Amino acid sequence: MKIQKTANVLILSHGYRESYKAGGPPQDICNFLLKRVVSIDYIVNPFPFANFNRSFLLKFKDGKFVKKSLFGKVWGPEWLQYIQHFFITMFFILQNSRRYDICFALDDLSLVSILIFKKIGLIRKLVYYSIDYTPKRFKNPILNYLYHLMDRISCYNSDVNWVVAKQMINARKKNGVILKKCSPFFEVPIGFHQKEIKVPALDKVDRFHLIFIGFLAKKQGLQLAIRSLPKIISVFPKVHMTIIGTGDYEKNLKVMVKELNLENKIKFKGFIENPREVERILTIAGIGIAPYRPEPESFTYYADPGKIKLYLGCGLPIITTKVPSISKKIDDKHAGIAINYNEGDFLNAVRKIMATDNTFTFYKKAAIKFAAGYDIEKILKRSIANTP
C-alpha cells in the first residue's frame, strides 16, 4: 500500500484520555504519517469509563496541528453512548465534506459508522485495525451480539484487516467468522518509539525498583504483586514499587497497600500525560510487571499488550503471567519470566532476576535485544509497504 504525500488520511478510534498525546496505536499511526501526508483528520470518541465525555476531531495539515473541534457531551447508559458515537462520527465527516484516500478504523463501531462513505466513494481505502478482541466483550448478551455482528461486518467490508496478534484471527474463526469472506489479514504488533527512548547505563538503574504502568483494573492483576511485596521485602529490603495510571480498581489497591503497611514502599503516581516523563521513570526502574489475571473473557489472551512493549523499549526485564501470547517469547528470549498467577511464582521470579548484579544484567541485556524488533516506526513502515 503506497500512501502519497498528497493523501488525505482519516483515523478513527475510541479513547480513555482526552489528550491525543496519551499514546497508543491510533496516535502512533498519526505520528508516523504526520510528515508523510498533506492532511490528517483524527476522530476520537470517549469510552463510557473515559476521563472525558465529549467526542473530538483533531485536524493536522502539512505536519502541523491546526485545530480541535468538540462535540456536545454524550449521555445515558453505555449502549446509548455508543449509538451517539455512531452518529457523531458521521456528523464530523459530513461537516468536513472531504474525500479520504485512506481511513484507519481502530474499532468495529468506528468502521461501521463510516462504511456508507466507503460505499459512495468518499473513502478510497479502508483499513480495519483491531487492537483488541474477546469472545465476551460485554456482559449484556445483546451488546455482545452487536459487538460481534459489527466486527464481522468490519472484517468482511474493509479492504484489509490489521490485527495486533494472530490469536485474533483464530478466535474469530472459532466464534463463527467466515475467514474466506474476510479481507486479507496482516499482523501489525504494537511497538514503542525507539528513537525517543534512551536507556541509561546500568549504574543509573535501580534493580530493586518494581514498576507498573496501565489502567488500574482488577483483571490487570496488580493485587498479586502488592500481596507478594511483604515476602519480597523480607528477602530484598531495598525493594519498592511505583504504579503509574488510574482506574476503577485504584481505591481497592490503595486500601490493600494501607492494610499491608506498604505506604512507604509503594507510590501511586496517577496518570502521567507526558510520554517522555513516563519513559524517563521506566528506564531507571528495575523490573516491569504485567501480572494479568487468567480470565477467559480477558482481551489480553488475544491482544498484544502495549505496556509490555513499552517495558521492553525502556530496557526492563519483565515479569508477566502466561496470559498474553508474547509471554512465551519473553521466557524463550530470557527477556523476563512468565509465571502462573500465584504469589509463589511471582516471588520466585523476582528473586531470580534480582538475585545479583550479574543475573539482573543478564535479563536486562536480553530484554534490550528482544525489544529491537518492536520499534513502531519500523513496524508501521513495513506493514504499510506490505499491505496491498
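For the structure, check the block above.
Residues numbered from 1 in each chain as written. Predicted model: local features only at pLDDT ≥ 70, side-chain atom pairs only at ≥ 80, totals over all residues. Heavy atoms only, no water.

Q: I tried to follow helix α9 (residues 306-313) on my own but got confused; where do I start?
A: Because each turn of an α-helix spans 3.6 residues, side chains separated by three or four positions in sequence point in the same direction. Burial analysis of α9 places seven of its eight residues in the buried class, the great majority of the element. Along α9, the positions that sit buried rather than exposed are K307, I308, K309, L310, Y311, L312 and G313. Along its buried surface, α9 packs onto β9 (209-213), α8 (275-283), β12 (287-290), β13 (318-321), α10 (326-332) and α12 (357-371). After α9 finishes, the residue G315 shows a positive phi value of roughly 80°. (Buried < 20%, exposed > 50% of the residue type's maximum accessible area, 1.4 Å probe, protein only. Helix = DSSP H or I, 4+ residues; strand = E, 2+ residues; numbered from the N terminus. Contact = heavy atoms within 4.5 Å.)

Q: Before we go on, may I ask you to explain the pairing of strand β14 (residues 336-339) in this structure?
A: Each regular strand carries side chains that alternate between the two faces of the sheet. Side chains G336 and A338 of β14 all project onto a buried face; the interleaved residues I337 and I339 project onto the opposite face, where all are buried too. Pairing between β13 and β14: four bridges, direction parallel. Directly across from T320, in β14, lies its bridge partner A338. On the question of chirality, the crossover connecting β13 to the parallel β14 by way of α10 is right-handed. (Pairing = 2+ DSSP bridges. Right-handed = clockwise from strand over helix to strand, strands pointing away.)

Q: Would you mind going over helix α7 (residues 250-259) with me for this structure?
A: Along α7, the positions that sit buried rather than exposed are E250, L253, M256 and V257. In a view along the axis of α7, the buried residues occupy a sector of 125°, so they form one face of it. With respect to the buried face of α7, the exposed residues turned more than 90 degrees away are K251, K258 and E259. Looking at the buried side of α7, the elements it contacts are α6 (222-235) and β11 (266-270). (Arc of directions from axis to C-beta.)

Q: Mind showing me how you'd approach the state of the cysteines here?
A: Each disulfide is one covalent bond, formed between the sulfur atoms of two cysteines. Under the defined criterion, the tally for this structure stands at zero disulfides. Distance from the sulfur of C182, which forms no disulfide, to the nearest cysteine sulfur (C155) is 4.6 Å. (Disulfide = S-S within 2.5 Å.)

Q: Any chance you could explain unusual backbone geometry here in plain terms?
A: Glycine aside, the phi torsion of most residues is negative, and most peptide linkages are trans. Despite not being glycine, S97 has its phi angle at roughly 50°, a positive value. You can see S97 is positioned in the loop between α2 (78-96) and β5 (100-105). Of note, the phi angle at H334 is positive, near 60°, even though the residue is not glycine. Structurally, the position occupied by H334 is in the loop between α10 and β14.

Q: Before we go on, may I ask you to explain the packing of α2 against helix α3 (residues 108-119) in this structure?
A: In helix packing, the relevant descriptors are the interaxial angle and the interaxial distance, both defined with respect to the helix axes. Where α2 meets α3, the closest approach of the two axes is 9 Å, and the angle between their N-to-C directions is 40°. It follows that α2 is oblique to α3 by the angle criterion. You can see that α2 and α3 cross each other, and the crossing is right-handed. Contacts between α2 and α3 involve Y82, H85, F86, T89, M90, I93 and L94 from the first element and L109, V112, S113, I114, I116 and F117 from the second. When its residues are assigned to classes, the contact of α2 with α3 shows ten nonpolar, three polar and no charged. (Axes fitted to C-alpha atoms, helices over the stretch in contact; angles between N-to-C directions. Parallel < 35°, antiparallel > 145°, perpendicular 65-115°, else oblique. Left-handed = near helix turned anticlockwise from the far one by under 90°. Nonpolar A, V, L, I, M, F, W, Y, C, P; charged D, E, K, R; others polar.)

Q: What am I meant to see in the nonpolar core here?
A: Nonpolar side chains tend toward joint burial in soluble globular proteins. Membership of the largest hydrophobic core comes to 110 residues, with the highest contact counts inside it found for F104, W162, L222, I226, M241 and I289. The biggest single contributor to this core is α6, with seven residues. When near neighbours in sequence (up to four residues on either side) are disregarded, F104 contacts M1, I3, V9, L10, I11, L12, I29, L33, V127 and W162. Counting 22 residues, the second largest nonpolar core, distinct from the first, contains L57, Y100, L115 and I123. (Core = buried A, V, L, I, M, F, W, Y, C linked by side-chain atoms within 4.5 Å.)

Q: Got a minute to help me understand the packing of aromatic side chains in this structure?
A: Any pair of aromatic rings gets described here by the distance separating the centres and the angle formed by the planes. Inspection of the entire model under this criterion finds 18 aromatic pairs. Ring centres of F71 and F91 lie 5.3 Å apart, and the angle between their planes is 65°; this geometry places the pair in the edge-to-face category. With F71 in strand β4 (residues 64-73) and F91 in helix α2, this pair connects stretches of sequence that are 20 residues apart. Geometrically, the ring pair formed by Y133 and Y147 is tilted, given 6.4 Å between the ring centres and 35° between the ring planes. (Phe/Tyr/Trp six-rings, centres within 6.5 Å; stacked < 30°, edge-to-face > 60°.)

Q: Explain the sheet that holds β14 to me, please; I cannot follow it from the model alone.
A: The strands making up a sheet are joined through hydrogen bonds of the backbone, oriented either antiparallel or parallel. Spatially, β11-β10-β9-β12-β13-β14 is the arrangement adopted by the six strands of the open sheet, whose pairing is parallel. Two strands close off the open sheet at either side, each with one partner strand: β11 and β14. Direction aside, the axes of adjacent strands within the sheet are offset by 20° on average. Note: strand β10 (residues 240-244) against β11, four bridges, orientation parallel. Across the sheet, residue I243 finds its bridge partner in β11, namely F268. Sitting on the sheet, α6 is in contact with β9, β10, β11 and β12, with an inclination near 160° to β10.

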